Amino acid sequence: MIMIDLKVGTRKTLQKTITGEKSALNYGNGSLQNMPATPTLTALMIEASVSAVDLELPEGYLTVGKSLTIIHDNPTLEGTTITIEAILSNIEGSKLFFEINVYDEVGKIGTGKHERCIVNYGSLVSKVNEGCSVIQSKLS
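Described in the following lines is the structure provided in the data block. Quick caveat: nothing in here was measured; it's all calculated off a predicted structure.

## Notes on the overall build of the protein chain
Part 1 of the reasoning: Of regular secondary structure, the protein chain possesses 2 helices and 5 strands.
Part 2 of the reasoning: Reading the protein chain from its N end, one meets helices and strands in the order β-α-β-β-β-β-α.
Part 3 of the reasoning: Looking at the 140 residues of the protein chain, the share that counts as buried comes to 29%.
Part 4 of the reasoning: Sequence-distant contacts in the protein chain: of pairs separated by 6 or more residues, those separated by 24 or more amount to 66%.
Part 5 of the reasoning: For the protein chain, the exposed surface amounts to about 8,400 Å²; the carbon and sulfur share of it is 54%.

Now the structure itself:
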């Protein structure tokens, strides 16, 4: 078992300006060309959560996402700067739980709950390679 020095309440705040490539238009919704897509908020929530903890882990360890639930409450526009705050709300062994809030200059535009798991990078790569070998053998 690895020793981790993470604390409930650890938080990371990111600020990003929404640009055209992050718009709903680029995610298949042409009627919302000047608004950020829900997948954009999703990616930013994940980025804030990773940024909150991964650099604090022992060498050779990182976190991987297990689940994410988001609520995209309010629209905002391209060119707007949004603030994403991820707060480590609970730790259960290697499982990390985050509460995430997203704001623009007017107010809250979204919330999320995100679970990440601490894993050893080498073990993860081995497991992926093993799975790929099984798939390759079935395709041959």
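Right, picking up where we left off after that structure.
## Observations regarding helix H1 (residues 38-53)
It helps to recall that an α-helix has 3.6 residues per turn; residues three or four apart then point in one direction.
Part 1 of the reasoning: In this model H1 runs 24 Å from its N-terminal to its C-terminal C-alpha over 16 residues, within 8% of the 22 Å that 1.5 Å per residue would give.
Part 2 of the reasoning: Among the structural elements, strand E1 (11-17), strand E2 (61-72), strand E3 (81-92), strand E4 (95-103) and strand E5 (108-120) are those in contact with the buried residues of H1.

## Points about the pattern of salt bridges
Side chains that differ in sign of charge can pair as their charged atoms come close.
Part 1 of the reasoning: Here the structure, examined in full by the defined rule, presents 5 salt bridges.
Part 2 of the reasoning: Arg11 is paired through a salt bridge with Glu85; the nearest N and O atoms lie 2.7 Å apart. Of this pair, Arg11 sits in strand E1 while Glu85 sits in strand E3, and the two are 74 residues apart along the sequence.
Part 3 of the reasoning: The exposure class of Arg11 is partly exposed, given its relative accessible area of 48%.
Part 4 of the reasoning: On the accessibility criterion, Glu85 (18% relative accessible area) is buried.
Part 5 of the reasoning: A salt bridge links Glu47 to Lys16, with the nearest nitrogen and oxygen atoms 3.1 Å apart. Remark: Lys16 occurs in strand E1 and Glu47 occurs in helix H1; sequence separation between them is 31 residues.

## Concerning the sheet that holds E5
Part 1 of the reasoning: Strand order in the open sheet formed by 5 strands is E1-E3-E4-E5-E2, and the pairing between neighbours is antiparallel. Strands at the two margins of the open sheet, each flanked by one partner only, are E1 and E2. Neighbour-to-neighbour, the strand axes of the sheet open up by a mean angle of 25 degrees, direction not taken into account.
Part 2 of the reasoning: As defined by bridge partners, E2 adjoins E5 across 11 bridges and the pair is classed as antiparallel. Bridging from a neighbouring strand, Tyr61 pairs with Asn120 of E5.
Part 3 of the reasoning: Packing against the sheet, helix H2 (residues 121-139) makes contact with E2 and E5, and its axis sits at approximately 85 degrees to E5.

## Some words on the nonpolar core
Part 1 of the reasoning: The biggest cluster of nonpolar side chains holds 20 residues, and the ones touching the most others in it are Leu6, Val53, Ile82, Ile84, Leu96, Phe98 and Val102.
Part 2 of the reasoning: Secondary structure elements with two or more residues in this core: H1, E3, E4 and E5.
Part 3 of the reasoning: Here this core takes 6 residues from H1, the largest share from any one element.
Part 4 of the reasoning: The contacts of Leu6, once residues within four sequence positions are left out, are Val53, Glu56, Leu57, Leu88, Ile91, Leu96 and Ile118.

## Describing the side chain of Asp54
Part 1 of the reasoning: Mapped onto the secondary structure, Asp54 falls in the loop between H1 and E2.
Part 2 of the reasoning: One buried charged residue, Asp54, forms no salt bridge at all, with the nearest opposite charge on Arg116 at 4.9 Å.
Part 3 of the reasoning: Setting aside its immediate chain neighbours within four residues, Asp54 contacts Leu62 and Thr63.

## Re the pairing of E4
Part 1 of the reasoning: In this structure, E3 lies alongside E4, joined through 9 bridges in antiparallel fashion. Within the sheet, the bridge partner assigned to Ile91 lies in E4 and is Leu96.
Part 2 of the reasoning: Following E3, the chain reverses through 2 residues before pairing antiparallel with E4; Gly93 in that reversal takes a positive phi of roughly 65 degrees.
Part 3 of the reasoning: Two elements, E4 and E5, share 9 bridges in a ladder whose sense is antiparallel. Across the sheet, the residue bridging to Tyr103 is Lys108, located in E5.
Part 4 of the reasoning: The antiparallel hairpin formed by E4 and E5 contains 4 residues in its connecting segment.

Cut-offs applied
Residues numbered from 1 in each chain as written. Predicted model: local features only at pLDDT ≥ 70, side-chain atom pairs only at ≥ 80, totals over all residues. Heavy atoms only, no water. Helix = DSSP H or I, 4+ residues; strand = E, 2+ residues; numbered from the N terminus. Buried < 20%, exposed > 50% of the residue type's maximum accessible area, 1.4 Å probe, protein only. Contact = heavy atoms within 4.5 Å. Areas by Shrake-Rupley, 256 points an atom, 1.4 Å probe, with all protein chains shown as cover. Expected span 1.5 Å × (residues − 1). Salt bridge = Lys/Arg side-chain N within 4 Å of Asp/Glu carboxyl O. Pairing = 2+ DSSP bridges. Axes fitted to C-alpha atoms, helices over the stretch in contact; angles between N-to-C directions. Core = buried A, V, L, I, M, F, W, Y, C linked by side-chain atoms within 4.5 Å. Lys, Arg positive; Asp, Glu negative; His and termini not counted.

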